[in-house]
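Tertiary structure, described
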Amino acid sequence: METAQQKVEVRRSPRRKSTVTAYRDGDTLIVLIPAGMSRAEEKHWVAEMERKLQRKESRRASPARESDAALMARCAQLSARYLDQSALPRSVRWVPPMRTRWASCTPTDATIRVSERLRNVPSWVLDYVLVHELAHLRVAGHDAQFWSLVRNYPKAERAIGYLEGLSAAAGLGISEIDSDE
């Protein structure tokens, strides 16, 4: 089954009695339904689960992933909210995946580079990375003052854990975000 550019695979299970679940596997929407469900109910649930996943994904996705200009705009918002507008970069851009970093900052010329690997992370994780790099515009190193600025972002610890897990799962060996000091 396919909907407008969306591949759909419906899996019926005799053990499943009433619940319907869906997830994406690559470009395919997988919908798990009870074996006894009618074709009309199947059609309804496929459409409903596709709507639910799209809503969830659009809430999760950061608009900053769209372009360098969108990254810059997001940096301005984050600086205003968490750093009293005191950290504004001259440029922010997406770069090809870095081998040992998620992002980097050069405080002397106020530039930030963000690894393409982060395009698909949840928005709160990308926001953490941007706040981390913005903090480097005020404090070059990773001292107590720097971490005090970063921890203004309420999901900092959670995002650090997410990035550690992502690195471990992908076998990347990326241990932190860093600046060009």
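So, here is what we can say about the structure in this document.

1. Brief notes about the overall build of the protein
Scanning the protein for helices and strands turns up five helices and seven strands. In the protein, the succession of helices and strands from N to C terminus is β-β-β-β-α-α-β-β-β-α-α-α. Per-residue burial for the protein yields a buried fraction of 43% across its 181 residues. A fraction of 49% describes how many contacts in the protein between residues 6 or more apart in sequence connect residues 24 or more apart. Here the protein has roughly 10,100 Å² of accessible surface; of this, 49% comes from carbon and sulfur atoms.

2. Observations concerning the sheet that holds strand β6 (residues 103–106)
Strand order in the open sheet formed by three strands is β5-β7-β6, with mixed pairing between adjacent strands. The outermost strands of the open sheet, each flanked by one partner alone, are β5 (91–95) and β6. Strand-to-strand twist of the sheet, defined as the mean angle between neighbouring strand axes without regard to direction, takes the value 15 degrees. Relative to strand β7 (residues 111–115), β5 is paired through five bridges, and the arrangement is parallel. Along β7, the bridge assignment pairs R93 with R113. Contacting β5 and β7, helix α2 (residues 68–82) crosses the sheet at an angle of about 130 degrees to β5. Contacts between helix α3 (residues 123–138) and the sheet are confined to β5, β6 and β7, with β6 contributing the most and set at about 20 degrees to the helix.

3. Let's talk about the environment of S18
Structurally, S18 can be placed in the loop between β2 (6–13) and β3 (21–25). A relative accessible area of 62% means that S18 is categorised as exposed.

4. Things to note about the packing of aromatic side chains
Centre distance and the angle of the planes are the two values used to describe a pair of aromatic rings. Taken as a whole and judged by the stated rule, the model has three aromatic pairs. With centroids separated by 5.3 Å and ring planes inclined at 90 degrees, the aromatic side chains of Y82 and Y153 adopt a geometry described as edge-to-face. Linking Y82 in helix α2 with Y153 in the loop between α4 (144–150) and α5 (156–170), this pair joins segments that are 71 residues apart in sequence. Residue classification places Y82 among the buried residues on the basis of a relative accessible area of 12%. Residue classification places Y153 among the buried positions, given a relative accessible area of 5%.

5. Quick notes on the nonpolar core
Core analysis: the largest hydrophobic core is formed by 34 residues, its most contacted members being L71, V114, L118, L126 and Y128. Breaking this core down by element, the ones donating at least two residues are α2, β5, β6, β7, α3, α4 and α5. For this core, the leading source of residues is α3, giving nine residues.

6. A closer look at the pairing of β6
Along β6, one buried face is formed by A103 and C105 and the opposite face, lined by S104 and T106, is buried too. Across four bridges, the pairing between β6 and β7 is antiparallel. Looking across to β7, one finds that S104 is bridged to R113. Counted along the chain from β6 to the antiparallel partner β7, the turn is four residues long, and its residue A110 has a positive phi close to 55 degrees.

7. Comments concerning the pattern of salt bridges
Enumeration over the complete set of coordinates arrives at seven salt bridges. R12 is the partner of E42 in a salt bridge, and the nearest nitrogen-oxygen pair spans 2.6 Å. Within this pair, whereas E42 is found in helix α1 (residues 39–60), its partner R12 is found in strand β2, the two being separated by 30 residues in sequence. Of the residues examined, E42 reaches a relative accessible area of 6% and is grouped as buried. With a shortest N-O distance of 2.9 Å, R39 and E42 are connected by a salt bridge. Of this pair, R39 and E42 are both found in helix α1, three residues apart, which corresponds to roughly one turn of the helix. Salt bridges sharing common partners tie together R12, R39 and E42.

What counts and what doesn't
- Residues numbered from 1 in each chain as written.
- Predicted model: local features only at pLDDT ≥ 70, side-chain atom pairs only at ≥ 80, totals over all residues.
- Heavy atoms only, no water.
- Helix = DSSP H or I, 4+ residues; strand = E, 2+ residues; numbered from the N terminus.
- Buried < 20%, exposed > 50% of the residue type's maximum accessible area, 1.4 Å probe, protein only.
- Contact = heavy atoms within 4.5 Å.
- Areas by Shrake-Rupley, 256 points an atom, 1.4 Å probe, with all protein chains shown as cover.
- Pairing = 2+ DSSP bridges.
- Axes fitted to C-alpha atoms, helices over the stretch in contact; angles between N-to-C directions.
- Phe/Tyr/Trp six-rings, centres within 6.5 Å; stacked < 30°, edge-to-face > 60°.
- Core = buried A, V, L, I, M, F, W, Y, C linked by side-chain atoms within 4.5 Å.
- Salt bridge = Lys/Arg side-chain N within 4 Å of Asp/Glu carboxyl O.

Any link to function would need more than the numbers given here.
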